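Structural overview
In case you want the letters, here they are:
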Amino acid sequence: MVVAIDGPAGAGKSSVARAVARALGFTYLNSGSMYRAVGLLTLRDGGAASEHAEKLDIELGDRVLVNGEDVTETLREPEVSEAASRVATNDRVRSALADKQRELLGDGDWVVEGRDIGTVVAPGAPVKIFLTASPEERARRRAAELGTDVDTVLRDQALRDAQDEGRAHSPLRMAPGAVSLDTTGVTLDDVVQRIVGLVHEAS
Ligand code: DC
């Protein structure tokens, strides 16, 4: 089965999705890494983002390998985040990556995090979560992770939110039937327990 976890950057998706996967013994998939990889290749090599997406050679695990190169840390750099958000507005990139994700999800049990998993990639997922947190809380978490100041993150975050929510193709939206969870001031453990409970109810 597929557990889809969508929501804006900094809502806590990665920590939550990883912990839910561990608790359930499901495989974790971070779909954002694919957009980041396409962003990185487009920045580095130029050319059409859609071609990079269609030919993407990526291994996703504790480390992320693109064309055999370990790019785990590089993918988190601010320029790569910006490039990822940009290539994510391209419908050919989105359909190529969604196809790759559907292929993976066809077999086994998964916890997948992204922006369009419940709406586009796996609308039939029995458990769909829309994770949110206040903009200030999201910026605080990102700033702590990146070691930068909150105001800069808050500004970049507002730009990226507008891009993710405003794009014509698969904008960030809560999927029909999704459960909305606000993680502001809630412990990771409580959020994880809530989702694990929903999965048990659904299975
Ligand atoms: O979750 P993240 O920050 O690693 O995602 C990087 C970018 O990719 C972000 O701008 C949103 C985009 N993205 C997307 O459009 N659809 C997804 N399923 C996952 C990420």
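Being a predicted model, the structure only gives us computed values, none of them experimental. Every chain's residues receive numbers from 1 upward, in the order its sequence appears when written. Side-chain atom pairs in this predicted model are given and counted only at pLDDT of 80 or more, local residue features only at pLDDT of at least 70, and totals for whole chains, interfaces and linings cover all residues. For the side-chain quantities, the full set of heavy atoms in the structure was used; hydrogens and water were omitted.

Considering the site of the ligand
Near the ligand there are 13 residues, and of these Ser31, Arg36, Arg94, Arg115 and Asp116 occur at the shortest range. We call two N or O atoms a polar contact when they sit within 3.5 Å, provided that within protein one can donate a hydrogen and the other can accept it, with sequence-adjacent residues counted only if both atoms are side-chain atoms. Take arginine 36: an N or O atom from its side chain is 2.6 Å from an oxygen atom of the ligand. Residue aspartate 116 places a side-chain N or O atom 2.8 Å away from a nitrogen atom belonging to the ligand. Computed with a 1.4 Å probe, the accessible areas rest on the Shrake-Rupley method; for each residue, only the protein chains presented here act as cover. When the ligand sits alone it has 450 Å² of accessible area, and the protein chains cover 98% of it. The secondary structure listing takes helices from DSSP runs of H or I that are at least 4 residues long and strands from runs of E that are at least 2 residues long, numbered from the N terminus. Ranked by residue count, the leading element in the shell around the ligand is helix α2 (residues 32-45), at three residues. Here a residue is considered near a molecule or strand provided that any single heavy atom belonging to it is located within 4 Å of it.

What about the environment of aspartate 57?
Tracing the sequence through the fold places aspartate 57 in the loop between α3 (49-54) and β3 (58-60). Accessibility here uses a 1.4 Å probe with only protein chains present; expressed as a share of the type maximum, an area under 20% marks a residue as buried, one over 50% as exposed, and anything in between as partly exposed. For aspartate 57, a relative accessible area of 40% gives the class partly exposed. In sequence terms aspartate 57 and alanine 88 are 31 residues apart; their C-alpha atoms lie 17 Å from each other. It only takes one pair of heavy atoms within 4.5 Å for two residues to be counted as in contact. Those residues within four positions of aspartate 57 in sequence are excluded, and the remaining contacts are Leu65, Val66 and Asn67.

Brief notes about the sheet that holds strand β8 (residues 179-182)
Should DSSP find at least two bridges between two strands, the strands are taken to pair. Within the open sheet, the five strands sit side by side as β2-β6-β1-β7-β8. Their pairing is parallel. Sheet topology places β2 (27-30) and β8 at the edges, where each strand pairs with a single neighbour. Strand-to-strand twist across the sheet, computed as the mean angle between neighbouring axes with direction ignored, equals 20°. In this sheet, strand β6 (residues 110-114) lies alongside β2 in parallel orientation, the contact comprising four bridges. The residue bridging tyrosine 28 from the neighbouring strand is valine 111, located in β6. What counts as an axis is a line fitted to C-alpha atoms, over the stretch in contact for a helix, and the angles between N-to-C directions run from 0 to 180 degrees. Packed on one face of the sheet, helix α1 (residues 13-24) meets β1 (2-6), β2, β6 and β7 (127-132) and runs near 175° to β6.

What to know about the packing of helix α7 (residues 135-146) against helix α8 (residues 150-166)
To describe two helices that pack against each other, one gives the angle between their axes and the distance between the axes. Where α7 contacts α8, the axes come no closer than 9 Å and their chain directions differ by 115°. The handedness of the crossing between α7 and α8 is right-handed. Contact with α7, carried on its side by Pro135, Glu136, Arg138, Ala139, Arg140, Arg142 and Ala143, involves Val150, Val153, Leu154, Gln157, Arg160 and Asp161 of α8 and no other residues of that element. Of the residues belonging to the contact of α7 with α8, the class tally is six nonpolar, one polar and six charged. Definitions for this section: a left-handed crossing has its near helix turned counterclockwise from the far helix by less than a right angle. A right-handed crossing has that turn clockwise. Basically, the charged four are Asp, Glu, Lys and Arg, the nonpolar ten are Ala, Val, Leu, Ile, Met, Phe, Trp, Tyr, Cys and Pro, and anything else, Gly included, counts as polar.

Let's talk about the packing of α1 against helix α9 (residues 188-202)
Contact geometry of α1 with α9 gives a least axis separation of 9 Å together with a crossing angle of 50°. Considered as vectors, α1 and α9 are oriented oblique to each other. α9 is crossed by α1, and the crossing has right-handed handedness. Note on element contacts: α9 touches α1 through Leu188, Val191, Val192, Ile195, Val196, Val199 and His200, opposite Ser15, Val16, Ala19, Val20, Ala23 and Leu24. Of the residues that constitute the contact of α1 with α9, the class distribution is eleven nonpolar, two polar and no charged. For classification purposes, angles smaller than 35 degrees are called roughly parallel, those larger than 145 roughly antiparallel, those between 65 and 115 roughly perpendicular, and all remaining angles oblique.

Honestly, it's all geometry; don't read function into it.
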